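Understanding the architecture of this molecule
One letter stands for each residue in the lines below.
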Amino acid sequence: MEQQVLPLLEAAGIDCELVRNKQRRLIFDSTTQPYEFILAKGPDVTTFLERGAADVGIVGSDILVEHQSTQYELLDLGVGECQFVLASTPDFDPQAPQRKIIGTKYPLITKRYFDRLGQDVEIIKIEGSVELAPLTGLADAIVDITETGTTLRENNLQIYDYLQPVSTRLVVNRLALKQQQTAIYDLVDRLAAVVAPKESAK
Ligand code: PRP
């Protein structure tokens, strides 16, 4: 995500040189602009926002939905676009009557999907490389995100259903938006100006 978002921030006039030369540093105070950059893992971004440790976050909508984020989502950055899918080995039968075991990093999204289908499933939470679950017999199928489809293909897994699209969003802490409205809307407007042409070209 960092690789896709930095060019956008730079196009919006935000100096990201410190982040580009970051090495192992995780936090940077801009010398030229009123921003401090924090590099956090996606699942932690909502925590930083909700606890007020960051004012603005850039994070995938997969995480916002799974974490039931209550912060303000102000902009779809139109990058990091991927899909939630139900996938498994070629012999998987989605219509089979037995109670299925589903491996996923996203238990809430998975539960909602199967609830909509009226199916009671067992969900196993997996932290990474979810594709291993059906390949090892740990689960009957997985719910995961796919971008290029390469990981599924290279592991002989196929897609059985598409759940919902995912993209990168700009999210704002509610209190920060009240207290620093001008600065935050200035940032959002600048980003919207570089995101919008791409959106309208679709
Ligand atoms: C995601 C997802 C797949 C992979 C799919 O993992 O869980 O494993 O990307 O991408 P593709 O369709 O382009 O092959 P991620 O790279 O986020 O790593 P993780 O498993 O450590 O979360």
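Going by the annotation in an unreviewed UniProt entry, the name recorded for the protein chain is ATP phosphoribosyltransferase, with Lactiplantibacillus fabifermentans DSM 21115 given as the source organism.

Our focus in this paragraph is the UniProt feature "domain: ATP phosphoribosyltransferase catalytic" (unreviewed entry) in the protein chain. Mapped onto the present numbering, the UniProt feature "domain: ATP phosphoribosyltransferase catalytic" (unreviewed entry) falls at residues 43-192. With 35% helix and 30% strand, the stretch residues 43-192 has end C-alpha atoms that lie 24 Å from each other.

Strand order in the open sheet formed by five strands is β7-β6-β8-β5-β9, and the pairing between neighbours is mixed. Looking at the sheet topology across the chains shown, the edges are occupied by β7 (122-125) and β9 (158-166). With direction set aside, neighbouring strand axes in the sheet form an average angle of 25 degrees. Note: strand β6 (residues 101-104) against strand β8 (residues 141-146), three bridges, orientation parallel. Of the residues in β8, the one forming a bridge with I102 is A141.

Let us look at the site of the ligand. Taken together, K105, G128, S129, E131, D144, I145, T146, E147, T148, G149, T150 and T151 make up the full set of residues adjacent to the ligand. One of the side-chain N or O atoms of K105 is found 2.3 Å from an oxygen atom in the ligand. In this structure, an oxygen atom belonging to the ligand sits 3.5 Å away from a main-chain N or O atom of S129. When the free accessible area of the ligand is taken as 500 Å², the share hidden by the protein chains comes to 61%. Broken down by secondary-structure element, the contributors of at least two residues to the shell around the ligand are β8 and α7 (150-154). When residues of the shell around the ligand are assigned to their parent elements, the largest contribution, three residues, is made by β8. In terms of residue class, the shell around the ligand is built from one nonpolar, seven polar and four charged.

So, on to the nonpolar core. Ranked by internal contacts, the top residues of the largest apolar core, which has 23 residues, are L9, I14, L77 and L191. Secondary-structure elements contributing two or more residues to this core are α1 (2-11), β10 (168-172), α8 (174-179) and α9 (181-201). Per element, the largest residue contribution to this core is five residues, and it comes from α9. Ranked by size, the runner-up nonpolar core spans 14 residues in total, among them C82, F84, Y113 and V166.

Rules used throughout
Residues numbered from 1 in each chain as written. Predicted model: local features only at pLDDT ≥ 70, side-chain atom pairs only at ≥ 80, totals over all residues. Heavy atoms only, no water. UniProt positions renumbered as here; feature names shortened; annotations may be inferred. Helix = DSSP H or I, 4+ residues; strand = E, 2+ residues; numbered from the N terminus. Pairing = 2+ DSSP bridges. Axes fitted to C-alpha atoms, helices over the stretch in contact; angles between N-to-C directions. Near = heavy atom within 4 Å. Polar contact = N/O pair within 3.5 Å; in protein donor to acceptor, adjacent residues only side chain to side chain. Areas by Shrake-Rupley, 256 points an atom, 1.4 Å probe, with all protein chains shown as cover. Nonpolar A, V, L, I, M, F, W, Y, C, P; charged D, E, K, R; others polar. Core = buried A, V, L, I, M, F, W, Y, C linked by side-chain atoms within 4.5 Å. Buried < 20%, exposed > 50% of the residue type's maximum accessible area, 1.4 Å probe, protein only.

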